[in-house]
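Analysis of the macromolecular model
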Amino acid sequence: MQLASLPSLHNYHTPATSKRQENRMFLHFIFCIFVQCDVKPQELKPNNIFLLAGQSNMAGRGGVYNDTKTNLLEWDGQVPPQCTSTPNILTLYLNQTWGIASEPLHKEIDNSKTCGVGPGMPFSNQILAKRPNFGVIGLVPCAVGGTKIEEWQKGTILYNQLVGRAKVARESTSGNIGALLWYQGESDCGEQDSMLYKGRLEKFFNDVRQDLQSPDLPIILVVISAGEGNFLRNVRDAQLNINLKNVVRVDAMGLTLLPDHLHLDTKSAVSIGQELADSFLNNFGQ
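These remarks concern the structure in this document. (Residues numbered from 1 in each chain as written. Predicted model: local features only at pLDDT ≥ 70, side-chain atom pairs only at ≥ 80, totals over all residues. Heavy atoms only, no water.)

Quick notes on the overall build of the protein chain
Scanning the protein chain for helices and strands turns up 7 helices and 9 strands. Within the span of the protein chain, comprising 286 residues, buried residues form 56% of the whole. Intrachain contacts of the protein chain at a sequence separation of at least 6 include 76% that bridge at least 24 residues. Split by element, the accessible area of the protein chain, about 12,800 Å² in all, is 50% carbon and sulfur. (Helix = DSSP H or I, 4+ residues; strand = E, 2+ residues; numbered from the N terminus. Buried < 20%, exposed > 50% of the residue type's maximum accessible area, 1.4 Å probe, protein only. Contact = heavy atoms within 4.5 Å. Areas by Shrake-Rupley, 256 points an atom, 1.4 Å probe, with all protein chains shown as cover.)

Right under this line is the structure:
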């Protein structure tokens, strides 16, 4: 039987000094192989689809560190239990096929950066823990690190990729799109961009809904807690004052960051993922 596409591990290095850590990664990789062997390709169809979009904190930087020997960013390979792979959590690969989701979830989409743990897997596991009969979840990773909101406007590469992957996901299954999870804004904390942020974000949300022919598409927005610039407050205010139907928020303020003071660490990525899940279930999960 032909296996579903397997996530590549060759770009993610474990520290040579940690044999135990290397073993954990190997066992996780073997687990993914056996999971996919036990599931027939025709069974890899989700019932509930979630779009993951934005920039690096949605793509995931948990566990990413600077290797002082190589001066390169590496992922530590540590997968917390809240991010465990399961046949009930699928991902839409870059080749537009479904497969078992695993960390780093965005490694194919945000492929010019080093990805780590993000909110997508803990979001999914939290939903399944609270609603065991929820059905198979299909995640559609679309986030790309370092992107501004203007790069997500209708007609751009990122916008077209998001809408295109969303349509493929919906058409390839009998499932509906449950929500768009959006975590972006850190790159818009300059003075001019921050002033234009609210209008650009609202237009983006409206355009996505229109092009997906889903005017009431639930959107869960993460209010950012850090940014590249001096106008973080402007972006937060814009996010807190979006006034569109079926747009709800979770706030990242107070979560712990990596030493770069910009990206969520693994613990916080798990936390915000679980908050996103709780928000979805409380607001749209009836």
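What to know about the side chain of S187
Of note, S187 is situated in the loop between strand 7 (176-183) and helix 5 (191-211). Engagement of the side chain of S187 in a polar contact is seen with the side chain of E228, the distance being 3.1 Å. Once residues lying within four places of it in the same chain are set aside, the contact partners of S187 are Q55, G146, T147, K148, D193 and E228. (Polar contact = N/O pair within 3.5 Å; in protein donor to acceptor, adjacent residues only side chain to side chain.)

A closer look at the nonpolar core
Within the largest apolar cluster, 77 residues are counted, with the highest numbers of intra-cluster contacts made by W182, F204 and F280. The biggest single contributor to this core is helix 7 (residues 266-284), with 8 residues. Residue contacts for W182: discarding those within four places in its chain leaves A53, G54, M58, I149, W152, Y197, L201, F204, F205, I220, L221 and V222. (Core = buried A, V, L, I, M, F, W, Y, C linked by side-chain atoms within 4.5 Å.)

Section: the pairing of strand 8 (residues 219-223)
In terms of residue burial, strand 8 counts as a mostly covered element, since 5 of its 5 residues are buried. What you see with strand 8 is no split at all: I219, L221 and V223 on one side and I220 and V222 on the other are buried throughout. Direction of pairing for strand 7 relative to strand 8: parallel, over a ladder of 3 bridges. Pairing of W182 across the sheet is with L221, part of strand 8. Regarding topology, helix 5 serves as the crossover connection from strand 7 to the parallel strand 8, and that connection is right-handed. (Pairing = 2+ DSSP bridges. Right-handed = clockwise from strand over helix to strand, strands pointing away.)

Section: the packing of helix 4 (residues 157-171) against helix 5
Packed helices, taken two at a time, are described by the angle their axes make and the gap between the axes. The geometry of helix 4 relative to helix 5 is characterised by a closest axis approach of 10 Å and an angle of 35° between their N-to-C directions. For the pair helix 4 and helix 5, the crossing hand works out as right-handed. For the pair helix 4 and helix 5, the contacting residues are Y159, L162, V163 and K167 in the first and F204, D207, V208 and D211 in the second. For the contact of helix 4 with helix 5, the per-class residue count stands at 5 nonpolar, no polar and 3 charged. (Axes fitted to C-alpha atoms, helices over the stretch in contact; angles between N-to-C directions. Left-handed = near helix turned anticlockwise from the far one by under 90°. Nonpolar A, V, L, I, M, F, W, Y, C, P; charged D, E, K, R; others polar.)

Things to note about the pattern of salt bridges
This model, assessed by the stated rule, comprises 10 salt bridges. Between D211 and K154 there is a salt bridge, with its nearest N and O atoms 3.3 Å apart. Within this pair, whereas D211 is found in helix 5, its partner K154 is found in the loop between strand 6 (137-141) and helix 4, the two being separated by 57 residues in sequence. D211 gets classed as partly exposed once you look at its relative accessible area, which sits at 21%. Taking the relative accessible area as the measure of exposure, K154 reaches 44% and is therefore partly exposed. Between K203 and D207 there is a salt bridge, with its nearest N and O atoms 2.7 Å apart. (Salt bridge = Lys/Arg side-chain N within 4 Å of Asp/Glu carboxyl O.)

A word on the layout of surface pockets
Estimates place the volume of the largest pocket at around 320 Å³. Lining the largest pocket are 19 residues, and of these R61, V64, L73, D260 and H263 lie nearest its centre. (1 Å grid on protein atoms, 1.4 Å probe; cavity = no way out; pocket = protein on both sides within 12 Å on 5 of 7 lines; lining within 4 Å. Points joined across faces, edges and corners; volume = space filled by probe spheres on them.)

Looking at unusual backbone geometry
Across the junction of E103 and P104, the peptide omega takes the value -10°, indicating a cis bond. Relative to the helices and strands, P104 is located in the loop between strand 5 (98-100) and helix 3 (120-130). We note that N246 has phi near 60°; this positive angle belongs to a residue other than glycine. Look at N246 and you get partly exposed, because its relative accessible area is 25%. Of note, H261 is a non-glycine position whose phi angle comes to about 60°, a positive value. Structurally, H261 is set in the loop between strand 9 (247-251) and helix 7. For H261, a relative accessible area of 61% puts it in the exposed group.

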